[in-house]
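One letter stands for each residue in the lines below.
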Amino acid sequence: MPGNSTISQMYPSSSLQKLPIPELHDTVSRFVTVARPLFSEVEFESCMTKLNDFVTNEGPVLQARLKERASTRENWLEEWWNEYAYFSNRASVCFNVNYFFGFRSTPQPLSQARLAASLIESSVRFRDDLESGRLEHDNIRGKAMCMHQYQYVFGTCRHPGASTDWTEVYSRTESSHIAVAHKGRFFVLRVPGVMGDRQSTVDSIERLLQKIIDSAENLDRTRSIGILTAALRDDWFAARECLLQVSVDNSASLHALESAAFLVSLDTASPTTHKEFSLACHCGDGVDRFFDKNFQIIVFANGRYGFNGEHSLTDATTDMRLCNTMVREAEALSLEHPLSLGAVAADGFGAEELKFSYNTALISHIHKAIDYFDTTVAAHELSTLTFDSYGKENIKKMQVSPDAFVQMAMQLAYYRKYRYVPPTYESASTKAFSRGRTETSRSVSHHSVEWCKAMVDSPETTSLQTKSELLRQAIAHQSQFTAQCAKGNGIDRHMLGLEYALLAGEEKPAIFTDPVFTGSRHWKLSTSQISDSILHAYGWGEVVDDGFGVAYRIENESLHFNVVSQRLGSARLCQYLSDALMDMRFLLTNAHKQPHEIMAEVDAVANALTSIKLLSSSPRRPLSAQSEAADAHALSPRTPASEADTAATTSTQKSGTFRGSFPAETESAGAMVDELERLPSNEVICALETRLSRFVKESLYWALPSTS
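Residues numbered from 1 in each chain as written. Predicted model: local features only at pLDDT ≥ 70, side-chain atom pairs only at ≥ 80, totals over all residues. Heavy atoms only, no water.

1. Observations concerning unusual backbone geometry
Link 1 in the chain: Despite not being glycine, Gln399 shows a phi value in the positive range, around 65°.
Link 2 in the chain: For Gln399, the position within the fold is in the loop between helix H14 (392–397) and helix H15 (402–418). (Helix = DSSP H or I, 4+ residues; strand = E, 2+ residues; numbered from the N terminus.)

So, in structure tokens, the structure goes:
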């Protein structure tokens with residue numbers, strides 16, 4: 001896909017090592033390791049017969065073709081991956097492809113127009129720095145990363161095709177304007193080629209945006225052009241063809257919209273809860289969006305804001321650099337210049353509405369898109385989990401990889417819900433290579449399955465030490481597998497390349513249609529991590545109808561999950577995740593202890609909590625924030641932290657300040673809190689203060705195996 005030649009010259013990807021082609025026998029060996037645990041022995045042996053036949057016959061021929069292809073291209077995989085994963089995908093990009101971010105709030109409130117103006121100015125200046133070569137090269141711990149994807153960040157748009165989509169990259173001259181969406185209408189915002197100082201530029205943009213907000217009238221939803229882009233790709237292709245045929249003006253307006261540098265949505269919604277915020281950034285009501293645009297900045301009426309990215313040619317990790325610039329500069333503006341100083345927009349700035357004409361056929365397409373959108377939203381369940389009992393710092397103290405630790409928590413959560421482990425996709429970056437994107441790090445292994453079974457199927461017959469060792473083995477395997485993927489030694493991209501290396505008319509080898517082979521990449525858990533302090537939300541939709549899309553963030557003191565499915569029980573999976581995370585910490589921090597030591601500590605904590613409970617039942621309730629929260633947590637069933645209990649979870653922080661005016665009872669309650677803090681196992685105490693872990697509170701046999 002041809003990109004921005006200026007950027008490719010400034011940040012050449014050819015200086016990096018080419019993506020390697022793994023040896024065939026290595027890929028087969030890795031496949032056996034991660035696929036065998038997913039299927040019965042009979043099923044797997046049938047697959048192995050086909051796989052061995054492939055390695056003996058067609059495999060070497062296709063491998064040779066791959067190596068020949070690699071010798072003449074910067075990246076042998078790039079075109080095939082884009083076609084397979086994105087352009088031939090006929091699902092909705094809104095629900096099944098795009099990713100979203102929701103950003104933390106600014107320190108001081110900004111009006112919708114001023115916040116949007118700041119984000120626009122930052123983005124335009126970021127583009128200038130990128131295209132002039134002033135942007136520093138991406139690197140991770142000093143190792144250069146490929147910046148090829150930056151060619152597609154600005155001035156691009158995906159287009160629906162009859163059977164395959166494609167992305168158009170517009171020149172800087174064509175894409176110097178910004179598209180704005182508000183109340184179902186689209187506008188073009190024009191800014192000078194050379195802008196002045198940031199303050200005056202933000203002021204000028206703000207005036208134009210405020211005028212749009214004040215003057216635009218709501219457009220009936222049945223006239224929404226944007227919602228067409230959320231439809232199935234075949235439906236959007238037919239609707240777009242119809243739209244272009246209605247009038248010449250439609251063609252000009254659509255071109256102005258699609259060729260914009262990016263789009264800013266001035267959304268009329270005001271999401272408050274975490275779930276509302278995530279859903280609004282994910283899809284909103286579909287009206288003030290154009291999901292084919294390279295990226296959309298979403299600014300809500302209440303001053304919250306987010307980002308929606310089209311995934312075909314850029315990954316979320318690439319967009320994060322731009323997002324950091326936007327967020328940090330908006331936060332600085334909120335502290336330094338929260339109010340505009342300009343009365344009118346300066347010369348060179350302007351805005352105009354894009355007009356569209358309609359006929360009966362086009363309106364029919366819009367009605368169909370609305371029905372699809374509303375039905376799909378209703379069929380989905382988006383749930384979030386804010387787990388603030390511990391985070392990365394505590395996980396590292398357990399001497400395990402935080403990412404692999406969380407991956408195992410998802411395995412245990414899913415196993416508890418369904419009693420089997422699912423094919424699981426974790427995105428591993430290959431940007432250390434020229435034009436590299438991702439590889440699939442498969443999270444399931446023999447170690448993870450054995451650990452899940454020990455935890456759920458036979459907890460009373462497996463010692464705490466054995467469970468801990470199994471968990472550490474599973475975490476270590478996942479860490480090693482992900483590291484190999486980052487080096488280009490995965491399974492799935494290599495096997496995809498071998499399949500694509502077939503020539504027209506050649507019979508497809510039996511392995512590529514084998515139910516075990518195809519089933520092992522039916523990603524019922526599609527997962528990925530982006531951890532950045534600017535994010536308060538992050539996610540995407542499921543990739544298969546019977547699966548979950550799980551985005552997660554690992555912060556120093558907390559873990560965050562966004563779970564989407566077609567009403568398979570996203571909220572329930574969040575609860576299982578919370579349970580798993582509590583149990584795993586208990587497991588890794590107490591495995592070295594004898595059963596009687598654990599029981600003594602549990603009894604001590606339970607007695608202390610019971611005392612606090614008795615004090616809290618007093619009519620005068622002289623409780624601290626901590627003791628009150630501990631009481632509530634000790635006596636209620638375990639549920640994940642969410643909008644409903646965020647306040648309660650947060651209140652577990654130590655305050656040391658008691659309410660009420662009864663010194664004796666205050667002193668007594670304070671003594672109970674002090675007793676909690678003096679107990680020997682801080683990890684057990686923390687678990688009990690936050691949510692009494694199920695196997696401690698109700699089923700100690702889980703932690704303490706039978707001695708009979």
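There is more to say after this.
2. With respect to the pairing of strand E8 (residues 263–267)
Link 1 in the chain: Among the five residues that make up E8, five are buried, leaving the element largely enclosed by the rest of the structure.
Link 2 in the chain: Going residue by residue along E8, you find Leu263, Ser265 and Asp267 tucked away on one face and Val264 and Leu266 tucked away on the opposite face as well.
Link 3 in the chain: As defined by bridge partners, strand E6 (residues 178–182) adjoins E8 across three bridges and the pair is classed as parallel. Paired with Ala181 across the two strands is Ser265, which belongs to E8.
Link 4 in the chain: Assessed by its sense of winding, the connection that carries the chain from E8 through helix H11 (residues 274–282) to strand E9 (residues 295–300) is right-handed. (Buried < 20%, exposed > 50% of the residue type's maximum accessible area, 1.4 Å probe, protein only. Pairing = 2+ DSSP bridges. Right-handed = clockwise from strand over helix to strand, strands pointing away.)

3. Some remarks on the side chain of Glu381
Link 1 in the chain: On the secondary structure map, Glu381 appears in strand E12 (residues 381–387).
Link 2 in the chain: Among the polar contacts made by the side chain of Glu381, one reaches the main-chain amide nitrogen of Gly569 at a distance of 3.2 Å.
Link 3 in the chain: With residues up to four places along the chain from it excluded, the contact list for Glu381 reads Val563, Val564, Ser565, Arg567, Leu568, Gly569, Ser570 and Ala571. (Polar contact = N/O pair within 3.5 Å; in protein donor to acceptor, adjacent residues only side chain to side chain. Contact = heavy atoms within 4.5 Å.)

4. Considering the packing of aromatic side chains
Link 1 in the chain: Evaluation of the coordinates by the stated rule reveals 31 aromatic pairs.
Link 2 in the chain: Considering the side-chain rings of Phe186 and Phe290, the 6.2 Å spacing of their centres and the 85° angle between planes classify their relative orientation as edge-to-face. Linking Phe186 in strand E7 (residues 185–190) with Phe290 in the loop between H11 and E9, this pair joins segments that are 104 residues apart in sequence. Phe290 shares its class with Phe186; the two are buried.
Link 3 in the chain: For the pair Tyr418 and Tyr420, a centre-to-centre distance of 6.0 Å together with 50° between the ring planes defines the contact as tilted.
Link 4 in the chain: Counting every residue linked through ring pairs, the aromatic cluster contains Tyr99, Phe101, Phe103, Phe126, Phe154, Phe262, Phe295, Tyr305, Phe307, Tyr538 and Trp540.
Link 5 in the chain: Positioned above the aromatic ring of Trp80 is the side chain of Arg69, whose terminal nitrogen or guanidinium carbon lies 3.7 Å from the ring centre.
Link 6 in the chain: The side chain of Arg223 reaches across the aromatic face of Tyr358, ending 5.6 Å from its centre. (Phe/Tyr/Trp six-rings, centres within 6.5 Å; stacked < 30°, edge-to-face > 60°. Lys NZ or Arg CZ within 6 Å of the ring centre and 35° of its normal.)

5. Looking at the sheet that holds E7
Sheet strands line up and pair through hydrogen bonds in the backbone, either parallel or antiparallel.
Link 1 in the chain: The strand order across the open sheet formed by eight strands is E11-E7-E6-E8-E9-E10-E1-E16, and the pairing between neighbours is mixed. On the outer flanks of this sheet lie strand E11 (350–354) and strand E16 (535–540), each paired with one strand and no other. Strand-to-strand twist in this sheet, taken as the mean axis angle between neighbours without regard to direction, amounts to 20°.
Link 2 in the chain: Each of strand E1 (99–103), E9, strand E10 (305–309) and E16 is contacted by helix H12 (residues 316–336), which is oriented at about 20° to E1, the strand it contacts most. (Axes fitted to C-alpha atoms, helices over the stretch in contact; angles between N-to-C directions.)

6. Structural notes on the packing of helix H4 (residues 58–71) against helix H18 (residues 492–500)
Link 1 in the chain: Where H4 meets H18, the closest approach of the two axes is 9 Å, and the angle between their N-to-C directions is 95°. One finds that H4 runs roughly perpendicular with respect to H18. Packed against H4, whose contacting residues are Gly59, Leu62, Gln63 and Leu66, the element H18 presents His494, Gly497 and Leu498 at the interface.
Link 2 in the chain: Classifying every residue of the contact of H4 with H18 by side-chain character gives three nonpolar, four polar and no charged. (Parallel < 35°, antiparallel > 145°, perpendicular 65-115°, else oblique. Nonpolar A, V, L, I, M, F, W, Y, C, P; charged D, E, K, R; others polar.)

7. Some points on the pattern of salt bridges
Link 1 in the chain: Using the criterion set out here, one finds 41 salt bridges in the structure.
Link 2 in the chain: Notably, a salt bridge pairs Arg321 with Asp138, separated by 2.5 Å at the nearest N-O pair. Here Asp138 lies in the loop between helix H7 (112–132) and strand E2 (139–140) and Arg321 lies in helix H12, a separation of 183 residues in the sequence.
Link 3 in the chain: On the basis of relative accessible area, Arg321 is assigned to the partly exposed category, the value being 23%.
Link 4 in the chain: For the salt bridge of Glu499 with Lys508, the shortest nitrogen-to-oxygen distance reads 3.1 Å. (Salt bridge = Lys/Arg side-chain N within 4 Å of Asp/Glu carboxyl O.)

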